[in-house]
Amino acid sequence: MAYSEKVMDHFANPRNVGEMKDFSGVGEVGNPKCGDIMRMYIKVEGEVITDVSFMTFGCGAAIATSSMATELIKGKPISEALKLTNKAVMEALDGLPPVKVHCSVLAEQAIKAAVSDYYRRQGIDPAPIVGELPECEECACAL
Ligand code: FES
């Protein structure tokens, strides 16, 4: 399976890339399968994610899914961002080759990690709100 045009576009022109200085939460996750790393920053105002950015030391699929994921959660309430699954991100990109599905889990995990960090900074236990970080079902890697 080849990469879709949308994947190629988000890989070549990733949205919302870079470090954020005045973030409300930051999360970093790693993919033990390939060693790739993703960091996600969020800015939260009144429970709404007003800005988001990411940096990744990762593959093209990780870049494309993170880019799309940031577009999908920007301007949305935290509660909605937490519902974003890697499958929804892949659908928005018109699919990923099966061997790259685990890369999309990194984006979903990074969002949840950033939201958890935000709640911790507020003195709130994130576990009941954010839950466990999702695991990659497709490739059964340790994600
Ligand atoms: Fe590592 Fe894609 S191969 S995230």
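To start, this report covers the structure provided alongside it. (Residues numbered from 1 in each chain as written. Predicted model: local features only at pLDDT ≥ 70, side-chain atom pairs only at ≥ 80, totals over all residues. Heavy atoms only, no water.)

### Some details on helix H5 (residues 101–121)
Then comes step 1: Over its 21 residues, H5 extends 31 Å from the first C-alpha to the last, a length consistent with the 30 Å expected when each residue adds 1.5 Å.
Then comes step 2: Burial of H5 is extensive: 19 of the 21 residues sit out of reach of the surface.
Then comes step 3: Just downstream of H5 lies Gly123, where phi reads positive at about 80 degrees. (Helix = DSSP H or I, 4+ residues; strand = E, 2+ residues; numbered from the N terminus. Expected span 1.5 Å × (residues − 1). Buried < 20%, exposed > 50% of the residue type's maximum accessible area, 1.4 Å probe, protein only.)

### Considering the sheet that holds strand E2 (residues 37–45)
Within a beta sheet, neighbouring strands are joined by backbone hydrogen bonds and run either parallel or antiparallel to one another.
Then comes step 1: Strands sit in the order E1-E2-E3 across an open sheet of three strands; the sheet is antiparallel. Where the open sheet ends on each side, the last strands, each with one partner, are strand E1 (25–30) and strand E3 (48–57). For this sheet, the mean inter-axis angle between neighbouring strands, taken without regard to orientation, is 15 degrees.
Then comes step 2: Pairing of E2 with E3, which is carried by nine bridges, proceeds in the antiparallel orientation. Bridge pairing in E3 places Arg39 opposite Met55.
Then comes step 3: Here helix H2 (residues 60–73) sits on the sheet in contact with E2 and E3, set at roughly 175 degrees to E3.
Then comes step 4: H5 rests against E1 and E2 of the sheet, and its axis sits at about 140 degrees to E1. (Pairing = 2+ DSSP bridges. Axes fitted to C-alpha atoms, helices over the stretch in contact; angles between N-to-C directions. Contact = heavy atoms within 4.5 Å.)

### Quick look at unusual backbone geometry
Peptide bonds are trans in most cases, and residues, glycine excluded, mostly fall at negative phi.
Then comes step 1: Despite not being glycine, Asn16 has its phi angle at roughly 60 degrees, a positive value.
Then comes step 2: Assignment of secondary structure puts Asn16 in the loop between helix H1 (5–12) and E1.
Then comes step 3: On the accessibility criterion, Asn16 (17% relative accessible area) is buried.
Then comes step 4: The residue Glu47 is not glycine, and still its phi comes out positive at about 70 degrees.
Then comes step 5: Within the element layout of this structure, Glu47 appears in the loop between E2 and E3.

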